[in-house]
Amino acid sequence: MARTTSEWLKRPKLPPTHYVDPIIYSSEEIFEEEKEKIFKKVWHLACHESELPNPYDYRTYRHPGGTPLVIVRGEDGKVRTFYNICPHRGNLIVYEPSGSSKYLTCIFHQWAFNGHGDCVDIPREKDGYQDRLCKADVALKEVRTEVAYGGFVWVNLDDNCEPLSSYIGEALDYMLPELTAEPMETFWYYQATLNTNYKLIHDTNSEFYHDYLHIYNRITGMLDPKSGYFQRKYTAYPNGHATVGSMNVNYGAYAGSGHSTDLGWPHLPPKGWKLVDLFPAITLNLRTSVLRIDSYIPLAPNKVLLEFRALGLKRDTPEERQQRERDAATIWGPFGRNLHEDLLASSGQGIAMARDSQPMYVLQAREENATIHDEIGMRHYIAEWGRRMGRSPALPMLKDEAAARVA
Ligand code: FES
Ligand SMILES: [Fe+2]
């Protein structure tokens, strides 16, 4: 029998670690707090070094904490990151997503900066500032940057943050041989903007029970006892990260998929598929011949910009690159079907759980010995969220001590 209103609003008879109050997906107050306590404190994957391969190349990045950044390769080859904000009157310095220039020159009054962030020119400097201010006083604000784990550019707004290696811990060890085997190259970058909360889209990468959404995954994995699909294990790591064990994808079972079976990836078992979820909004997804990186930039409680990258090997022949692109496109890329199925379901959650329309509880309660349909990935993620926010995901409007007792 269907439920009455009071039954619908009742808390589930489950431990509070196994369900979430949906207000965490729609509250402005919580969203603003997330920026301060999470996004401005953790390491984010901003781009790949192949997107700025030469000295003087630059790449802009909208930081999830809200600050516009510009990543620059200096004449010394080093990659540095700065606020993309002019120290004169706060204008955006670089407007284009990427390019190459010896100096970054602000269009407003033509102040110019080099790849070290030094101000190198102020028009009519002495006339206006005499000895009261000089170029050395108005360098760009530098942001902590590391290039690591296969040439990705990681940034952190917190000057006093822990090193990237201690933030990641051992979470990327599992994929490290594949990430570092050979230089990689981004061959596609694409975006989507969804009216949903960023945590909901990250959830879809943190649980595979939703393979019921994907006919392709059912046919090439779930329904093939030899694929090892149900043996895939979740492993949780400190700081909210998790990995999913590999499997043998039966590409041939899906007629017309067009996915190659012989072009693989160094160190990855043939037809393998490895996945690493990094807190709070990054997924590295190595599917046989293509590495797809998903990273999310929250714009509002119910709006998120999704960034997708597809990478191959830098030394690919034209034929190999063409095959990788075809593999990326067939199912999991912008022209495939899986990505759109994920986006459709996450958007549906965003619509249903929008502010003032969402009274219910979201379950994260499946337990299957940490295997593929266990929701341990989501629970582990949301527990880290609760720890950093000082709120219980099941009772988020109670803070700190009360939340800790519930959690
Ligand atoms: S605001 Fe950039 S030069 Fe004036
Ligand atoms: Fe999916």
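Participant: Got a sec to walk through the nonpolar core? Specific residues and values, please.
Facilitator: If you look at the biggest cluster of nonpolar residues, it comprises 60 residues, and the most contacted ones within it are W154, L284 and L291. Domain assignment of the residues forming this core places at least three in each of domain 1 (44-160) and domain 2 (183-392).

Participant: Any details on the coordination of the iron ion (ligand 2)? Residues and values, ideally.
Facilitator: Distances from the iron ion (ligand 2) to its protein donors, namely H210 (NE2), H214 (NE2), D342 (OD) and D342 (OD), fall within the range 2.1 to 2.6 Å. Taken together, the 4 donor atoms coordinating the iron ion (ligand 2) and their angles of 54 to 137 degrees define a geometry best described as irregular. All donor residues of the iron ion (ligand 2) come from one chain, and their arrangement in sequence is H-x3-H-x127-D. Of this pair, H210 sits in the loop between α6 (198-206) and α7 (215-222) while D342 sits in helix α9 (residues 338-352), placing them 132 residues apart in sequence.

Participant: An account of the pairing of strand β18 (residues 303-313) is requested, with residue identities and associated values reported.
Facilitator: Most of β18 sits out of view: 10 of its 11 residues are buried. Summarising the sheet, strand β12 (residues 184-194) and β18 pair through 10 bridges and their orientation is antiparallel. If you follow W188 over to β18, its bridge partner there is A310. In terms of strand pairing, strand β17 (residues 290-300) meets β18 through 9 bridges, oriented antiparallel. Residue pairing in the sheet places D294 in a bridge with F308 of β18. Here β17 folds back onto β18, and the loop between the two strands holds 2 residues.

Participant: Outline helix α2 (residues 28-39), supporting the account with residue identities and numerical values.
Facilitator: Turning to α2, its buried residues number three or more, namely I30, F31, E33, E34, K35, I38 and F39. With a side-chain oxygen lying 3.2 Å from the backbone nitrogen of E29, the N-terminal cap of α2 falls on S27.

Participant: Give a detailed account of the domain arrangement of the protein, specifying residues and quantitative values.
Facilitator: One can read the domain layout of the protein as domain 1 (44-160) and domain 2 (183-392). For domain 1 versus domain 2, the distance between C-alpha centres works out to 32 Å. In this complex, domain 1 contributes 15 residues to the contact, which on the side of domain 2 involves 17 residues. Where domain 1 abuts domain 2, roughly 1200 Å² becomes buried across the two surfaces, and 68% of that area is made up of carbon and sulfur atoms. Looking only at domain 1, the three residues that lose the most surface to domain 2 are L45, R62 and F152, adding up to 37% of its buried area. For E51, the salt bridge identified is with R309, shortest N-O distance 2.7 Å. Counting every contact that joins domain 1 to domain 2 gives 4 residue pairs in polar contact (both at pLDDT 80 or more). Broken down by secondary-structure element, the contributors of at least two residues to the side of domain 1 that touches domain 2 are β2 (44-48), β3 (57-62) and β11 (152-156). Element by element, the count of residues in the side of domain 1 that touches domain 2 is highest for β2, at 5 residues. When its residues are assigned to classes, the side of domain 1 that touches domain 2 shows 7 nonpolar, 5 polar and 3 charged.

Participant: Describe the pairing of β17, and please don't skip the residues or the numbers.
Facilitator: Where burial is concerned, most of β17 is hidden: 9 out of the 11 residues are buried. In this sheet, β17 lies alongside strand β16 (residues 282-287) in antiparallel orientation, the contact comprising 6 bridges. Paired with R287 across the bridge in β17 is V290. Counted between consecutive antiparallel strands, the loop separating β16 from β17 contains 2 residues, among which T288 sits at a positive phi close to 60 degrees.

Participant: An account of empty space enclosed by the protein is requested, with residue identities and associated values reported.
Facilitator: Under the definition given, this model contains 5 cavities of 30 Å³ or more. Put simply, the largest cavity is a space of about 110 Å³. Along its surface, the largest cavity is lined by 16 residues, and N205, H210, H214, R287 and D342 are the ones closest to its centre. If you list the elements that add at least two residues to the lining of the largest cavity, you get α6, β15 (273-278), β16 and α9. Counting residues per element, the lining of the largest cavity draws most heavily on α9, which supplies 3 residues. Its residues assigned to classes, the lining of the largest cavity comprises 5 nonpolar, 7 polar and 4 charged. In this structure, the second largest cavity spans a volume of roughly 80 Å³. For the second largest cavity, the lining is made up of 11 residues, of which R287, V290, R292, A328 and W332 are closest to its centre. Ranked by residues supplied to the lining of the second largest cavity, first place goes to helix α8 (residues 318-332) with 3 residues. Partitioning the lining of the second largest cavity into residue classes produces 5 nonpolar, 3 polar and 3 charged.

Participant: Kindly report on the sheet that holds strand β4 (residues 68-73), identifying the contributing residues and their values.
Facilitator: The strand order β2-β11-β10-β5-β4-β3-β6 describes an open sheet built from 7 strands, whose pairing is antiparallel. The open sheet has two free edges, formed respectively by β2 and β6 (98-100), since each of these has just one partner strand. Ignoring which end each strand starts from, the neighbouring axes of this sheet average 30 degrees apart. Relative to β6, β3 runs antiparallel, the two being bridged by 3 bridges. In the sheet register, R59 faces β6, and the bridge partner there is S98.

Participant: I'd like a description of a nonpolar patch on the surface, backed by residues and values.
Facilitator: Nonpolar side chains collect at one region of the surface, where L92, Y95, I107 and F108 lie side by side and expose about 410 Å² of accessible area between them. Checked against the element boundaries, F108 lands in the loop between β7 (104-105) and β8 (112-113).

Criteria and cut-off values
- Residues numbered from 1 in each chain as written.
- Chains lettered and ligands numbered in written order.
- Predicted model: local features only at pLDDT ≥ 70, side-chain atom pairs only at ≥ 80, totals over all residues.
- Heavy atoms only, no water.
- Core = buried A, V, L, I, M, F, W, Y, C linked by side-chain atoms within 4.5 Å.
- Buried < 20%, exposed > 50% of the residue type's maximum accessible area, 1.4 Å probe, protein only.
- Domains from an automatic or database assignment.
- Donors = N, O, S within 2.8 Å, 3.2 Å for Na, K, Ca; no water.
- Tetrahedral: all angles 85-135°; square planar, octahedral: opposite > 155°, others 65-115°.
- Helix = DSSP H or I, 4+ residues; strand = E, 2+ residues; numbered from the N terminus.
- Pairing = 2+ DSSP bridges.
- Polar contact = N/O pair within 3.5 Å; in protein donor to acceptor, adjacent residues only side chain to side chain.
- Contact = heavy atoms within 4.5 Å.
- Buried area = accessible area lost by both parts, 1.4 Å probe.
- Salt bridge = Lys/Arg side-chain N within 4 Å of Asp/Glu carboxyl O.
- Nonpolar A, V, L, I, M, F, W, Y, C, P; charged D, E, K, R; others polar.
- 1 Å grid on protein atoms, 1.4 Å probe; cavity = no way out; pocket = protein on both sides within 12 Å on 5 of 7 lines; lining within 4 Å.
- Points joined across faces, edges and corners; volume = space filled by probe spheres on them.
- Axes fitted to C-alpha atoms, helices over the stretch in contact; angles between N-to-C directions.
- Patch = residues over 30% accessible without salt bridge, like charges linked within 9 Å, V, L, I, M, F, W, Y side chains within 5 Å.
- Areas by Shrake-Rupley, 256 points an atom, 1.4 Å probe, with all protein chains shown as cover.

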